[in-house]
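If you want the building blocks of each chain, they are given just below.
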Amino acid sequence: WKGVSWRCFGRETSVSLLFFYIWTRLFILSQRLVRVVLNHRMWCITNALEKKGYTVKQVNPNWYRPLSEQVFKVEEEAVVFGFSFGAVIAYLNAIKYPCRKVIFGSLSPIDTFSYESLVEDYMEYMPKDLAEEISADIKNIKIDLTTLKVPFVTLAGDKENMQADISVPHTGHQITGPYIECIVK
C-alpha cells in the first residue's frame, strides 16, 4: 500500500491506494451519463462531474486480464476519458467503438517498456504466468494516435516527461485538483 495525499476542491485528502490502481483510470461520458472505474481517488472526479449534471455509474475492468480484453461497447455520442493504462484501454475502445471524443490522460508510453520490466512489475501483483500473458499483450498493442478516426485531446502533468495538447499545472503522473479541472472542462 502506498499513502497518497492530494487536494480536492480546496481540501487536503489522504488515502491508501494500491499502486496498481493509481495507474488505472477509465471513464465513459455519454449524454450526461458517466461510467467510471472507481477507486478512492475517483471520488473527486465523480463529485465534479455530478456537479456538472452527469450521472456516474461504475465500470470494472478486470486488471488481471490483458488490456486488449478490457474493451467494451460505448455509445457513438460518448466522450471517453482514460488515465495512464486506462488511457490505453480508451485508445483500444476508440478503435473498436467510434465515439464523439477521447481524452487521453497521461497515456502510458507502453512502447518504452521492455517485456522483462513489465513482467517484473506485474509479478508484484500476480503469478508469473499471468504477468507474462499481460505483458505480452501490452507489447502487442501499437498506439498510433494519428490513425484514430475520432477527435481526441491529450493531457499530461507538467512534471511528467510527456508531450500533450494540454499541460496540467503543478502535476506529475497523478490525478490532482488541476487535472480534475481539465477533465471537467
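Residues numbered from 1 in each chain as written. Predicted model: local features only at pLDDT ≥ 70, side-chain atom pairs only at ≥ 80, totals over all residues. Heavy atoms only, no water.

## Quick word on the pairing of strand β8 (residues 152–157)
What counts, and what does not: Think of it in three bands: residues with accessible area under 20% of the maximum for their type are buried, residues over 50% are exposed, and the middle band is partly exposed, with areas taken using a 1.4 Å probe on protein chains only. Runs of H or I in DSSP of at least four residues are treated as helices and runs of E of at least two as strands, each being numbered from the N terminus. Following DSSP output, two strands are said to pair if at least two bridges run between them.
Counting buried positions along β8 yields five of six residues, so the element is predominantly enclosed. Note: β8 against strand β9 (residues 166–168), three bridges, orientation parallel. Within β9, the position partnered with L155 by the bridge is I166.

## So, the packing of helix α2 (residues 42–51) against helix α6 (residues 177–184)
Going by this rule: An axis is simply a line fitted to the C-alpha atoms; with a helix, the fit covers only the stretch in contact. Between two such axes, the angle follows the N-to-C directions and lies from 0 to 180 degrees. Handedness of a crossing follows from how the near helix is turned relative to the far one, being left-handed for an anticlockwise turn of less than a right angle and right-handed for a clockwise one. Here, two residues are considered to be in contact whenever any of their heavy atoms come within 4.5 Å of each other.
It is the contact of α2 with α6, at a shortest axis distance of 10 Å, that shows an interaxial angle of 35°. The hand of the α2/α6 crossing is right-handed. Every residue of α6 that contacts α2 at C44, I45, A48 and L49 is listed here: I180, I183 and V184.

## Some remarks on the nonpolar core
Selection rule: Put simply, buried Ala, Val, Leu, Ile, Met, Phe, Trp, Tyr and Cys residues joined by side-chain atoms within 4.5 Å make one nonpolar core.
By size, the foremost hydrophobic cluster in this structure holds 31 residues, and its most contacted members are L67, V88, V102, F104, Y122, I138 and L148. The set of elements that each furnish at least two residues to this core consists of β6 (78–84), α3 (85–96), β7 (101–105), α4 (115–122) and α5 (128–140). If one sorts the elements of this core by residue count, α3 sits on top with eight residues. Once you skip the residues sitting within four places of it in the chain, V102 turns out to touch V80, A90, A94, V150, P151, F152 and V153. Grouped together as the second largest cluster of nonpolar side chains are 18 residues, V79, V153, L155 and V184 included.

## Looking at unusual backbone geometry
A positive phi angle, near 60°, is found at S84, a position not held by glycine. If you trace the backbone, S84 turns up in strand β6. Exposure remark for S84: the relative accessible area of 2% places this residue in the buried category. Of note, S106 is a non-glycine position whose phi angle comes to about 45°, a positive value. Mapped onto the elements, S106 comes out in the loop between β7 and α4.

## Some thoughts on the pattern of salt bridges
Stated precisely, the cut-off is as follows: We define a salt bridge as a contact between a side-chain nitrogen of Lys or Arg and a carboxyl oxygen of Asp or Glu at a distance within 4 Å.
Under the definition given, this model contains three salt bridges. Of the charged contacts, one joins E69 and R65 as a salt bridge, the two residues approaching to 3.1 Å between their closest N and O atoms. Judged by its relative accessible area of 26%, R65 falls in the partly exposed class. Each of the salt bridges in this network shares a partner with another, and the network as a whole consists of R65, E69 and E133.

## Let's talk about the packing of aromatic side chains
Test applied: Ring pairs are drawn from Phe, Tyr and Trp, using the six-membered ring of Trp, whenever the two centres fall within 6.5 Å, and their geometry is named by plane angle: stacked under 30 degrees, edge-to-face over 60, tilted for the rest.
Inspection of every chain in the model, using the stated rule, returns four aromatic pairs. Relative to F113, the ring of F85 lies with its centre 6.3 Å away and its plane at 10°, an arrangement referred to as stacked. Taken together, the positions of F85 in helix α3 and F113 in the loop between β7 and α4 put the pair 28 residues apart, joining distant regions of the chain. With a relative accessible area of 25%, F113 lands in the partly exposed category. When the centroid spacing of 6.5 Å and the interplanar angle of 50° are considered together, the rings of Y91 and F104 count as tilted.

## Regarding the confidence of the model for the protein
Put simply, the rule reads: Scored between 0 and 100, pLDDT is the confidence that the predictor attaches to each residue.
When pLDDT is averaged along the protein, the result is 78, and 75% of the positions lie at 70 or above. Here residues 1–26 scores under 50 on pLDDT; set against residues more than four positions off or in separate chains, the count is 76 contacts.

## A closer look at α3
How we decide: For a helix, the expected span equals 1.5 Å multiplied by the number of residues minus one.
With twelve residues, α3 extends 17 Å from end C-alpha to end C-alpha; this agrees with the ideal 16 Å at 1.5 Å per step. Burial analysis of α3 places ten of its twelve residues in the buried class, the great majority of the element. Among all positions in α3, only F85, G86, A87, V88, I89, A90, Y91, L92, N93 and A94 are buried.

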